[in-house]
Amino acid sequence: VFCEGDDRRCPWVDPNVVGESTEMDEVFDLVPGGEPMVSNVAWATLGLSMYAGAFNIEIFRSGIESVPRATLEAAQSFGFSRLQAYRHIVLPLAFRVCLPALNNNLVNLVKTTSIAYAIAVPEMLYVASQIWSDANNVKEMMNVLLLCYVALVGVFVWVMNRWERAMKMPGFGV
């Protein structure tokens, strides 16, 4: 086993394993038809879901912690079980508290989808690069891309703002 373009032996390659296929290679490699088992879109969806999910978990945790402990105790004194108190009182309050942060995370996720371009997922930046590689209109395509992102984020922010107003807690905040 030689390194590429070199006559020295590669120290990180075990000569007994080279050329053999393991089960993990077959899982992450190609299926018999020659196509990848998992598409680029699936990898992008998985990666972005994990990325946004980690933030969402922290947002929900902080929202639950923001509900005063006395609220849970008051619910239990009215005869609610712990599960009922969380389901009917704590979680609706926590959701209302963490809704602005969840909306921020959604807008951030929309902007982060442009990273999928790196693995050739056909999203807006990928399509724009395909168009500008065919012609010398890079400036125009980047302006169109900017306007598309601004419009998309603007619509999301407007809808989320309306939703936040509808879910506003009386006497809490401005």
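As a reminder, the structure under discussion sits directly above these lines.
Notes on the structure in this doc start here. Since this is a predicted model, take the numbers as computed values, not measurements.

A word on the packing of aromatic side chains
Centre distance and the angle of the planes are the two values used to describe a pair of aromatic rings. Evaluated as defined, the whole model comprises 2 aromatic pairs. A centroid spacing of 5.2 Å and a plane angle of 75° characterise the contact between Tyr51 and Phe55, whose relative ring orientation is edge-to-face. Taken together, the positions of Tyr51 and Phe55, both in helix α2 (residues 40-66) and 4 residues apart, correspond to about one turn of that helix. Accessibility expressed as a relative area gives 34% for Tyr51, which makes it partly exposed.

A look at the environment of Val67
In this structure, Val67 sits in the loop between α2 and α3 (69-77). Put simply, Val67 and Leu93 are 26 residues apart on the chain and 6.9 Å apart in space, counted from C-alpha to C-alpha.

Details of helix α6 (residues 138-166)
Residues lying three or four places apart along an α-helix face the same way, a consequence of the helix completing one turn every 3.6 residues. The end-to-end C-alpha distance of α6, which contains 29 residues, comes to 42 Å, matching closely the 42 Å that a straight helix rising 1.5 Å per residue would cover. What α6 keeps buried is the set Met141, Leu145, Tyr149, Val153 and Met160.

Focus: the packing of helix α4 (residues 82-112) against α6
Contact pair α4 / α6: the axes reach a minimum separation of 10 Å and the direction vectors enclose 170°. Regarding the angle of α4 to α6, the classification is roughly antiparallel. Every residue of α6 that contacts α4 at Phe95, Leu99, Pro100, Asn103, Leu106, Val107, Val110 and Lys111 is listed here: Tyr149, Leu152, Val153, Phe156, Val157, Met160, Trp163 and Glu164. Tallied by class, residues from the contact of α4 with α6 come to 13 nonpolar, 1 polar and 2 charged.

A look at the nonpolar core
Counting 6 residues, the largest nonpolar core consists of Val67, Leu72, Ala75, Ala85, Val90 and Ala94. Of all elements in the fold, only α3 and α4 reach the threshold of two or more residues within this core. Top contributing element to this core by residue count: α4, with 3 residues. Those residues within four positions of Ala85 in sequence are excluded, and the remaining contacts are Leu72, Ala75, Phe80 and Val90.

What about the environment of Ala116?
Relative to the elements of secondary structure, Ala116 occurs in the loop between α4 and α5 (124-134). Along the chain, Ala116 and Trp43 lie 73 residues apart, while their C-alpha atoms are 8.9 Å from each other.

Calculation criteria
Residues numbered from 1 in each chain as written. Predicted model: local features only at pLDDT ≥ 70, side-chain atom pairs only at ≥ 80, totals over all residues. Heavy atoms only, no water. Phe/Tyr/Trp six-rings, centres within 6.5 Å; stacked < 30°, edge-to-face > 60°. Helix = DSSP H or I, 4+ residues; strand = E, 2+ residues; numbered from the N terminus. Buried < 20%, exposed > 50% of the residue type's maximum accessible area, 1.4 Å probe, protein only. Expected span 1.5 Å × (residues − 1). Axes fitted to C-alpha atoms, helices over the stretch in contact; angles between N-to-C directions. Parallel < 35°, antiparallel > 145°, perpendicular 65-115°, else oblique. Contact = heavy atoms within 4.5 Å. Nonpolar A, V, L, I, M, F, W, Y, C, P; charged D, E, K, R; others polar. Core = buried A, V, L, I, M, F, W, Y, C linked by side-chain atoms within 4.5 Å.

Interpretation in functional terms is not warranted from these geometric data alone.
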